[in-house]
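# Architecture and fold: a report
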Amino acid sequence: HLQDTITLNNGVKMPGFGLGVYKVEDGDVVIHSVKTAIEHGYRSIDTASFYDNETGVGQAIKESGVPREELFITSKVWNDDQGYEQTLQSFETSLKKLGVDYLDLYLIHWPVKDMYKDTWRAMEKLYEDGKIRAIGVSNFHIQHLENLLADCTVKPVINQVEYHPHLTQVELHTFCKRENIQLEAWSPLKRGKLFDDPTIIDIADKHGKTPAQVILRWDLQNDVVTIPKSITEERIIENANIYDFSLTDEEMNKISELNKNDRAGTNPDRYD
Ligand code: NAD
């Protein structure tokens, strides 16, 4: 079931669901969580140089025994490494740490002012050299995307942003749909701060599912790629078990109406 894929604007296929590893300690902890996820059918892993666990992610990939081409590995270039030359270098460091010879997806982590266009040119170069199958951005507001789209050669395939029932990003999502840029949700579970919402609990009870499963199912039905994080085997299994039920239109709307434009993480405005 986890093989459900979406097709990006350059034709590359990507799983609609994956594992996030932000704040997962490098070494045994990240190795265990990534291997556990892969054993339970996950094929997409979302890391970043900033997470400082690419080495462990790479180790887990190797130990999993799953062929590289069946996995979808995402990493991101960190703010301090932006700029043309630095990005090329940082990419090589990520490859080396991950122990792979290509990435499936590479993202600009944040829209650092006066830097992200040069960063993008390096991403385009790496893409054209065949070292990355798809390139995208993260935490881009509409104005950042417009600015990038105005003079890029390769269009970003994805914008990975904070997205959950308290932050539904309606305008940004509409813009991305129009531009054929896939939206991907980070902190889809608002880092655990949505589970006591009575609307979500009520819908979960009706389906015999957990609040986490309802929220992640809502992502899928909204055509948003989702990458919940967990290091607990039980939850890793639970989060992926969202392909045997559907939310009704009414339930989808009720969840979307919980929006209050409330962030758990940083607002990208901070980089303007
Ligand atoms: P999340 O919303 O995925 O929440 C994770 C937390 O929720 C876990 O630590 C755990 O405490 C809890 N949880 C997970 N599954 C649960 C379950 N079934 N039941 C109860 N509790 C559960 O938060 P996140 O880690 O911030 O976001 C997911 C991923 O998104 C990250 O790991 C990372 O890969 C990515 N991310 C990207 C950015 C970015 O700037 N691009 C920023 C933050 C996160």
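None of these values were measured; they are calculated from a predicted model.

## Let's talk about the environment of Ser44
Mapping Ser44 onto the fold places it in strand 4 (residues 44–46). Residues Ser44 and Ile73 lie 29 residues apart in sequence; the distance between their C-alpha atoms is 5.9 Å. Each residue touching Ser44, except ones within four places of it in the same chain, is listed here: Met14, Pro15, Phe17, Gly18 and Phe72.

## Focus on the site of the ligand
Neighbouring residues of the ligand: 24 residues in total, closest Gly20, Tyr22, Trp186, Leu189 and Lys229. By residue number, the principal contributor to the shell around the ligand is helix 9 (residues 233–240), which donates 3 residues. Partitioning the shell around the ligand into residue classes produces 8 nonpolar, 10 polar and 6 charged.

## Some thoughts on the packing of helix 1 (residues 28–39) against helix 2 (residues 54–64)
Relative orientation of the contacting elements helix 1 and helix 2 amounts to 40°, with a least axis distance of 8 Å. Relative to helix 2, the element helix 1 is oriented oblique. By crossing handedness, the relation of helix 1 to helix 2 is classed as right-handed. Contacts between helix 1 and helix 2 involve Val30, Ile31, Val34, Lys35 and Ile38 from the former and Gly56, Val57, Gln59, Ala60, Glu63 and Ser64 from the latter.

## Considering the packing of helix 2 against helix 3 (residues 84–98)
Packed helices, taken two at a time, are described by their axes: the angle between them and the distance between them. Helix 3 packs onto helix 2 with a crossing angle of 45° between their chain directions and a minimal axis gap of 7 Å. By the angle between their directions, the pair helix 2 and helix 3 is classed as oblique. Counted together, Glu54, Thr55, Val57 and Gly58 of helix 2 and Ser94, Lys97 and Leu98 of helix 3 form the full contact between these two elements. Partitioning the contact of helix 2 with helix 3 into residue classes produces 2 nonpolar, 3 polar and 2 charged.

## Quick look at the sheet that holds strand 6 (residues 103–108)
Spatial ordering of the open sheet is given by 3-4-5-6-7-8-9-10, a layout of 8 strands whose pairing is parallel. With one partner strand each, in any of the chains shown, strand 3 (19–20) and strand 10 (225–226) form the two edges of the open sheet. In terms of strand pairing, strand 4 meets strand 5 (residues 72–77) through 3 bridges, oriented parallel. The residue bridging Ile45 from the neighbouring strand is Ile73, located in strand 5.

## Looking at the UniProt feature "domain: NADP-dependent oxidoreductase" (unreviewed entry) in the protein chain
Mapped onto this numbering, the UniProt entry gives "domain: NADP-dependent oxidoreductase" (unreviewed entry) at residues 30–259. Taken end to end, residues 30–259 has its terminal C-alpha atoms 32 Å apart, with 45% of it in helix and 15% in strand.

## Considerations on unusual backbone geometry
The residue Lys23 is not glycine, and still its phi comes out positive at about 65°. Mapped onto the elements, Lys23 comes out in the loop between strand 3 and helix 1. Note on Lys23: 11 C-beta atoms within 10 Å, which makes it exposed. Backbone geometry places Asn139, a non-glycine residue, at a positive phi of 65°. Take Asn139: it is sitting in the loop between strand 7 (132–138) and helix 5 (142–149). For Asn139, a count of 24 C-beta atoms within 10 Å corresponds to the buried category.

## Considerations on helix 3
When the terminal C-alpha atoms of helix 3 are compared, their 21 Å separation across 15 residues agrees well with the 21 Å that a helix rising 1.5 Å per residue should span. Residues of helix 3 that are buried include every one of Thr87, Ser90, Phe91, Ser94, Leu95, Lys97 and Leu98, and no others. Projected onto a plane normal to the axis of helix 3, the buried residues spread over an arc of 165° and lie on a single side. Along helix 3, exposed side chains directed more than 90 degrees from the buried face belong to Glu85 and Glu92. Residues of helix 3 that are buried sit in contact with helix 2, strand 5, strand 6 and helix 4 (116–128).

## Looking at the environment of Ser256
Residue placement: Ser256 occurs in helix 10 (residues 249–256). You can call Ser256 partly exposed: it has 13 C-beta atoms within 10 Å. For Ser256 and Asn222, which are 34 residues apart along the polypeptide, the C-alpha to C-alpha distance reads 9.8 Å.

## Quick word on the environment of Leu220
Relative to the elements of secondary structure, Leu220 occurs in helix 8 (residues 211–221). Residue class for Leu220 comes out partly exposed when judged on the 18 C-beta atoms lying within 10 Å of it. Considered as a pair, Leu220 and Thr210 are 10 residues apart in the sequence and their alpha carbons are 16 Å apart. If we ignore the near neighbours within four places in the chain, the residues touching Leu220 are Gly16, Thr226 and Ile242.

Criteria and cut-off values
- Residues numbered from 1 in each chain as written.
- Predicted model: local features only at pLDDT ≥ 70, side-chain atom pairs only at ≥ 80, totals over all residues.
- Helix = DSSP H or I, 4+ residues; strand = E, 2+ residues; numbered from the N terminus.
- Contact = placed C-beta atoms within 7 Å.
- Near = placed C-beta within 6 Å.
- Nonpolar A, V, L, I, M, F, W, Y, C, P; charged D, E, K, R; others polar.
- Axes fitted to C-alpha atoms, helices over the stretch in contact; angles between N-to-C directions.
- Parallel < 35°, antiparallel > 145°, perpendicular 65-115°, else oblique.
- Left-handed = near helix turned anticlockwise from the far one by under 90°.
- Pairing = 2+ DSSP bridges.
- UniProt positions renumbered as here; feature names shortened; annotations may be inferred.
- Buried ≥ 20, exposed ≤ 12 C-beta atoms within 10 Å, placed from the backbone.
- Expected span 1.5 Å × (residues − 1).
- Arc of directions from axis to C-beta.

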